[in-house]
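A look at the structure
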Amino acid sequence: MTDDAPEPPSGLRAMLPDLAPWRASRDFRRLWYAGLISNFGSFLTFVALPVQLKELTGSAAAVGAIGAVELIPLLVFGLYGGALADAWDKRKLIVWTEAGQGLLSVALLLNALLPHPAVWPLYVVAALSSALVSVQRPALDSLWPRIVAHDHLPAAASLNSFRWTVGGVAGPALAGVVVAYAGLGWAYGADLLTFAVSVVLVVRIAASPASHEAAKPSLKAIAEGARYAWGRKELLGTYAVDLAAMFLAMPLALLPFLADELDADWSLGLMYASVPLGALLVSLVSGWTTRIHRHGRMVVLAAALWGLAIAAAGIMSNVWLVLLFLTVAGGCDMVSGIFRGIMWNQTIPDELRGRLAGIELLSYSVGPTVGQVRAGGFASYWGVRTSVWSGGVLCAGAVGLLALCLPKLMTYDARTDKHAAQVRDQRAAAQV
């Protein structure tokens, strides 16, 4: 270390989030604020929609079916959205899809205000929202590496996770109160307002046109991205681990029914907030993540612990212990998510980021979507709590098996990985 090199942080400072991306990039700050605001509103709807379905149908399977109607748009638009993100201006894609989400909030609000709200609009909006998110997320995920320096990407991943968890804690907690005392219309109306503010912020960031190497959106371009992903077994490992964890151990569709079984209807908002609360706590002390280099091992360990914590939540009969283990699970999921994001952002070349982000979207979205169907189906036959704890146990076992089958995931080291070095060199050459 040279005499004028900055001293590395120590003690408490070493645990706090690294704010370097925040200080260095104005576009990062604007996009961060936009995401915080829209995520807050989205979590209001995230709670209100299943609660409304529960009130209208009284069926766990009907609530779980939200995942079924979201699946096809995810599969179709996730991959094609990735190709669009590589070929079109990323900022424009984000703006138009955000505006579209606002219009869907209008539809939910109008339906909620009817004397007798219909069930079918809830499924239609869920499907259309899934399509818009599937187009937006690859553009958003592939934009971060363009507006943040390469060495700041681990810190940016932690800050983005913190942004998500703030909305995830405040949104569900407030939604439980709003839905119970003010009504569903207020939750949907607040969501609409947050989308409007988010659009105003996003239009102010710099344009982000396609790379000159990027292929036009087509099946051939999508196949090219899939071949690249297949050749990167450590990336495949991150996709597979997250898919298994979310498919087998995502309990959110069952929380309204779990609160009923525990005779604690008052706890529903807290249950929805517990998972993001755990993530928030990890985000607040995420400084240590920038000093970890074997990211694959952390992905596996955290995903397995997520499953075990969900299993414990399903077994407990005391509502406070359920909330505790849901919080622990959220913290574990955040650790896994941070290290997956670092691996993706530091090793995928710019001209493929959109298409690979589309595949990433499928890995972390299809799992929870199909997992809702699994959870609802299991609950219909074997009970709500059995569905929760058995899913957690299956998750831990599946993650362990994947770790044995994908050794490159376990041996990945950011300091020596050739793909990380290539992306680092690509970024350095672009700045010359």
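Note that the structure is predicted; figures quoted are calculated from it, not measured.

Here we take up the pattern of salt bridges. As enumerated under the stated definition, the model contains eight salt bridges in all. One salt bridge connects Arg355 with Asp86, and the closest N-O pair in it is separated by 2.7 Å. With Arg355 in helix α15 (residues 353-382) and Asp86 in helix α4 (residues 60-87), the pair connects residues that are 269 residues apart, well separated along the chain. Using a relative accessible area of 4% as the deciding quantity, one classes Arg355 as buried. You can call Asp86 buried: its relative accessible area is 2%. Across the salt bridge formed by Arg415 and Asp413, the nearest N and O atoms sit 2.8 Å from each other. Each of Asp86, Glu224 and Arg355 takes part in a single network of salt bridges with overlapping partners.

The phi angle at Asp263 is positive, at roughly 55°, despite the residue not being glycine. Locating Asp263 in the fold gives a position in the loop between α11 (255-261) and α12 (268-284). In this structure Asp263 comes out as exposed when scored by relative accessible area, which is 69%.

Attention now goes to the state of the cysteines. Taken as a whole and assessed by the stated rule, the structure comprises zero disulfides. Cys332 carries a free sulfur, and the closest cysteine sulfur to it, the one in Cys395, is 10 Å from it.

A separate point is the confidence of the model for the chain. Mean pLDDT over the chain: 84, with 93% of residues reaching 70 or higher. By mean pLDDT, helix α1 (residues 11-15) is the weakest element of the chain at 57, and helix α13 (residues 295-315) is the strongest at 94. A low-confidence stretch, residues 1-6 (pLDDT under 50), is modelled with three contacts involving residues beyond four sequence positions or located in other chains.

The next subject is the nonpolar core. Within the largest apolar cluster, 82 residues are counted, with the highest numbers of intra-cluster contacts made by Tyr188, Val241, Leu255, Met271, Trp306 and Leu326. Here the element with the most residues in this core is helix α14 (residues 319-347); it accounts for 12 residues. Excluding residues within four positions of it along the chain, Trp306 makes contact with Ala245, Met246, Ala249, Met250, Val275, Ala329, Gly330, Cys332, Asp333 and Cys395. Judged by nonpolar contacts, the second largest core, of 24 residues, contains Leu84, Ile94, Val135 and Val199.

Basis of the calculations
Residues numbered from 1 in each chain as written. Predicted model: local features only at pLDDT ≥ 70, side-chain atom pairs only at ≥ 80, totals over all residues. Heavy atoms only, no water. Salt bridge = Lys/Arg side-chain N within 4 Å of Asp/Glu carboxyl O. Helix = DSSP H or I, 4+ residues; strand = E, 2+ residues; numbered from the N terminus. Buried < 20%, exposed > 50% of the residue type's maximum accessible area, 1.4 Å probe, protein only. Disulfide = S-S within 2.5 Å. pLDDT = per-residue confidence, 0-100. Contact = heavy atoms within 4.5 Å. Core = buried A, V, L, I, M, F, W, Y, C linked by side-chain atoms within 4.5 Å.

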